[in-house]
Structures are given as structure tokens and as C-alpha cells.
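# Reading the structure
Each chain, written out:
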Amino acid sequence: MRIEHDDENDVAYIYLVDRIGPGEAARQVVVEADGVPGEVILDLDERGVLLGLEILGASHVLRPETLATAAHEDDDE
């Protein structure tokens, strides 16, 4: 499992697999919950297996120590 975080847009992605190939995430499911200040989107393959989670408003949903472990968009430069 690995986490990436885009600080500028406050979006995190949690990979549950090593790599997600083009088109492999065949379905996205939005998880909504009252009182949660962000949005979670589940990426599923064609069989319904969970590949990863996209979290909008990540700094409001994830603990700071979790985000501190994330790779950041500018880390690749």
C-alpha cells in the first residue's frame, strides 16, 4: 500500500495494489457520509476488486501523521 498526496488540490490517493494500469479501474463508486468533510471515491476493477481510494479534501479526512507518510506530487521532480 502506498499513499500519494497533492498538497495544492488536497487530494490523496491510496493504492492498494502495486500499480493500476490504464483502464484497469473499470468502475468508480462515490462514498458519501453526512458529517464527513471530504469525499471518498473507490476505484474497482471489472470484477469489483478494490484497487485504490481517491480522497478529496484529504487533510480533513486523514490524520496528519498519515499524510506525512505520503509521497507528494513534487517529490518526483
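Everything that follows concerns the structure shown earlier in this document.
Below, the structure is looked at part by part. This structure is a prediction, so every number in the text was calculated from the model and none was measured.

## Some remarks on the environment of Glu 39
Relative to the elements of secondary structure, Glu 39 occurs in strand β4 (residues 39-44). C-alpha of Glu 39 to C-alpha of Ala 58: the two residues are 19 residues apart in sequence and 8.3 Å apart in space. Setting aside its immediate chain neighbours within four residues, Glu 39 contacts Val 30, Glu 54, Ile 55 and Leu 56.

## A word on a nonpolar patch on the surface
Taken together, the side chains of Met 1, Leu 16 and Leu 50 define a hydrophobic patch exposed on the protein surface, amounting to about 310 Å² of accessible area. Tracing the sequence through the fold places Leu 16 in the loop between β2 (11-15) and β3 (27-31). A relative accessible area of 38% places Leu 16 in the partly exposed class.

## Some points on the nonpolar core
Grouped together as the largest cluster of nonpolar side chains are ten residues: Ile 3, Ala 12, Ile 14, Val 40, Leu 53, Ile 55, Ala 58, Leu 62, Leu 67 and Ala 70. Going through the elements one at a time, β2 and β5 (50-56) are the ones with two or more residues in this core. Residues contacting Ala 58, with those up to four places away along its chain left out, are His 5, Asp 10, Val 11, Ala 12 and Leu 67.

## A word on the environment of Arg 27
By the element assignment, Arg 27 lies in strand β3. We classify Arg 27 as partly exposed; its relative accessible area is 48%. For the pair Arg 27 and Arg 2, spaced 25 residues apart in sequence, the C-alpha to C-alpha distance is 20 Å. Excluding anything up to four places from it in sequence, Arg 27 contacts Leu 42, Asp 43 and Leu 44.

## Side note on the pattern of salt bridges
Here the structure, examined in full by the defined rule, presents two salt bridges. Here Glu 4 and Arg 2 are joined by a salt bridge, their closest N and O atoms 3.6 Å apart. Overall, Arg 2 belongs to the partly exposed group, its relative accessible area being 35%. Its salt-bridge partner being Asp 45, residue Arg 47 comes within 3.3 Å of it at the nearest N-O pair.

Conventions we followed
- What you see as residue numbers is a count from 1 along each chain, following the sequence as written.
- The predicted nature of this model means local features are confined to residues of pLDDT at least 70 and side-chain atom pairs, given and counted, to a pLDDT of 80 or more, with totals for whole chains, interfaces and linings taken over all residues.
- Water and hydrogen atoms were dropped before computing side-chain values, which therefore reflect all heavy atoms in the structure.
- In this text, helices come from DSSP runs of H or I with a minimum length of four residues, and strands from runs of E with a minimum of two, each type numbered from the N-terminal end.
- A contact between two residues is defined here by any heavy atoms of the two lying within 4.5 Å.
- To count toward a patch, a residue needs a relative accessible area over 30% and no salt bridge; like charges are then connected within 9 Å, while nonpolar side chains (Val, Leu, Ile, Met, Phe, Trp, Tyr) are connected within 5 Å.
- A 1.4 Å probe and the Shrake-Rupley method give the accessible areas. Residues count as covered only by the protein chains that appear here.
- By salt bridge we mean one thing: a side-chain nitrogen of Lys or Arg within 4 Å of a carboxyl oxygen of Asp or Glu.
- Partly exposed residues are those whose accessible area sits between 20% and 50% of the maximum for their type, while under 20% is buried and over 50% is exposed, using a 1.4 Å probe and protein chains only.
- Buried residues of nine kinds, namely Ala, Val, Leu, Ile, Met, Phe, Trp, Tyr and Cys, make up a nonpolar core once their side-chain atoms join them within 4.5 Å.

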